[in-house]
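Each chain, letter by letter, is given below.
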Amino acid sequence: MLKEERHQAILSQVELHNRVLLTDIAEILDVSIDTARRDVKELDQDNKLRKVHGGAISLGFTSSSVRNNNIYALSQKISIAEKAASLLKTEGVIFIDGGTTCMELARVIPVELKLTCFTVSLPVAMELNSKPNVNVIFIGGAISKEAQIAIGATPIRTLSEIKVDYSFIGTGYVDASYGLTEFDWDIVQVKKAIVQASKKTVLLCISKKLNSRHRYKTCDMNAINTMITELTPDDDQLKLFRNNNVHLI
């Protein structure tokens, strides 16, 4: 594979999953870790992604306040966010996860809607704080520098003490038979606590992530009440999810 082809493949993975590991890049491209590291370094120097310890993150994922053209599949994510916003009710108590799709949900919440919203995401908290009728409760803890969310025992303990009407979560990978997975163990532990703290869990997921899985499991599909994609609910790509009795929007 030519270097240009490797670079494009790396960018595709980073854009889709927001964050990728060097070990995954090496496995996908069938190259050494050193080659993957050099490729990521060159892409970082070209300002196409950001190199971090052990991997890379997308430029869109690093932006905490300003929507920009580096966000992958932005139009699809806005469509998902607008569908999710239709579930919100005045005086509701919700949770919004971190990540670019959840950030779009925070942005499209109507300014007149009265809500109480918990989050572990610094960017989401800052966006929600601009909404005059949203009571924002940030669940703190040690901050993951790449994901920009609180991780560790503190947010997990706090989440065990609440029960929200809806949690809106993202995922790195989702498979109809296996469920939701991530490559980051610490983030999986927080997501497990979010699911437990929710009367109903709503997954926000672009269709490109369907039928993919990684190392650490967040939950089975039957723990998800509703899945929202940019597709119509009757799309053939969602057939296996319909078989799992997941409500599709």
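Above this text sits the structure in question.
Residues numbered from 1 in each chain as written. Predicted model: local features only at pLDDT ≥ 70, side-chain atom pairs only at ≥ 80, totals over all residues. Heavy atoms only, no water.

**Student:** So what's going on with the environment of Glu4? Which residues, and what values?
**Tutor:** Along the chain, Glu4 turns up in helix H1 (residues 3–17). With relative accessibility at 57%, the residue Glu4 sits in the exposed group. (Helix = DSSP H or I, 4+ residues; strand = E, 2+ residues; numbered from the N terminus. Buried < 20%, exposed > 50% of the residue type's maximum accessible area, 1.4 Å probe, protein only.)

**Student:** Report on the environment of Lys145, specifying residues and quantitative values.
**Tutor:** With respect to the helices and strands, the residue Lys145 is situated in the loop between strand S7 (142–143) and strand S8 (150–151). Considering only alpha carbons, one finds Lys145 and Val52, 93 residues apart in sequence, at a separation of 9.4 Å.

**Student:** I'd like a description of the packing of helix H2 (residues 22–29) against helix H3 (residues 33–45), backed by residues and values.
**Tutor:** Orientation of H2 relative to H3, taken along the N-to-C sense of each, is 110°, at an axis distance of 8 Å. Comparing their axes, H3 and H2 come out roughly perpendicular. Along the contact surface, H2 presents Leu22, Thr23, Ile25 and Ala26, while H3 presents Ile33, Ala36, Arg37 and Val40. Residues belonging to the contact of H2 with H3 are distributed by class as follows: six nonpolar, one polar and one charged. (Axes fitted to C-alpha atoms, helices over the stretch in contact; angles between N-to-C directions. Parallel < 35°, antiparallel > 145°, perpendicular 65-115°, else oblique. Contact = heavy atoms within 4.5 Å. Nonpolar A, V, L, I, M, F, W, Y, C, P; charged D, E, K, R; others polar.)

**Student:** An account of unusual backbone geometry is requested, with residue identities and associated values reported.
**Tutor:** Here the phi dihedral of Ala73 falls at roughly 50°; this positive angle occurs in a residue that is not glycine. Even without being a glycine, Glu91 presents a positive backbone phi close to 70°. Tracing the backbone through its elements, the reader meets Glu91 in the loop between helix H5 (74–85) and strand S4 (92–96).

**Student:** Describe helix H6 (residues 100–108), listing the residues and the values that go with them.
**Tutor:** Judged by how many residues are buried, H6 sits mostly within the fold: eight of nine residues are covered. Burial in H6 covers these residues: Thr100, Thr101, Cys102, Met103, Glu104, Leu105, Ala106 and Arg107.

**Student:** Any chance you could break down the nonpolar core for me, citing the residues and the numbers?
**Tutor:** Membership of the largest hydrophobic core comes to 33 residues, with the highest contact counts inside it found for Leu159, Met227 and Phe241. For this core, the elements supplying multiple residues, two or more each, are S8, strand S9 (164–169) and helix H9 (185–196). Setting aside residues no more than four positions away along its own chain, Met227 makes contact with Leu203, Leu210, Met221, Leu238, Phe241, Val246, His247, Leu248 and Ile249. (Core = buried A, V, L, I, M, F, W, Y, C linked by side-chain atoms within 4.5 Å.)

**Student:** Tell me about the side chain of Lys209, residues and numbers included.
**Tutor:** Residue placement: Lys209 occurs in the loop between strand S12 (198–204) and strand S13 (216–219). Among buried Asp, Glu, Lys and Arg side chains, Lys209 stands out as unpaired, with Glu182 the closest opposite charge at 7.1 Å. Of the polar contacts made by the side chain of Lys209, one reaches the backbone oxygen of Thr171; its length is 2.9 Å. (Lys, Arg positive; Asp, Glu negative; His and termini not counted. Salt bridge = Lys/Arg side-chain N within 4 Å of Asp/Glu carboxyl O. Polar contact = N/O pair within 3.5 Å; in protein donor to acceptor, adjacent residues only side chain to side chain.)

**Student:** Which residues make up the sheet that holds strand S14 (residues 226–228), and what values do they have?
**Tutor:** The seven strands lie next to each other as S6-S5-S4-S9-S12-S14-S15, forming an open sheet whose pairing is parallel. Edge positions in the open sheet fall to strand S6 (134–138) and strand S15 (247–248), since each of these has one partner strand only. Of the pairings in the sheet, the one linking S4 to S9 comprises three bridges and is parallel in character. The partner of Phe95 across the bridge, within S9, is Ser167. This element, H5, spans S9, S12 and S14 of the sheet and lies at about 145° to S14. Contacts from H9 reach S4, S9 and S12, with the element oriented near 130° to S12. (Pairing = 2+ DSSP bridges.)

**Student:** Describe in detail the sheet that holds strand S11 (residues 179–182), supporting the description with residues and values.
**Tutor:** Backbone-to-backbone hydrogen bonds join strands into a sheet, with any given pair of strands oriented parallel or antiparallel. The strand order S10-S11-S13 describes an open sheet built from three strands, whose pairing is antiparallel. Each edge of the open sheet carries a strand with a single partner, namely strand S10 (173–175) and S13. Recorded for the sheet is a direction-independent mean angle of 35° between the axes of neighbouring strands. Sheet topology places S10 next to S11; three bridges connect them, and they run antiparallel. Within the sheet, the bridge partner assigned to Asp175 lies in S11 and is Gly179. Packed on one face of the sheet, H9 meets S11 and S13 and runs near 10° to S13.

**Student:** Please give an account of the side chain of Thr35 that cites residues and values.
**Tutor:** Note that Thr35 resides in helix H3. Residue class for Thr35 comes out buried when judged on its relative accessible area of 16%. In this structure the side chain of Thr35 is engaged in a polar contact, spanning 3.0 Å, whose partner is the side chain of Ser32.

**Student:** Let's hear about H2: which residues, and what values?
**Tutor:** Buried within H2 are the following residues: Leu22, Asp24, Ile25, Ala26 and Leu29. Against H1, strand S1 (19–21), H3 and strand S3 (55–57) lie the buried residues of H2. Positive backbone phi, approximately 60°, marks Asp30, located one or two places after H2.

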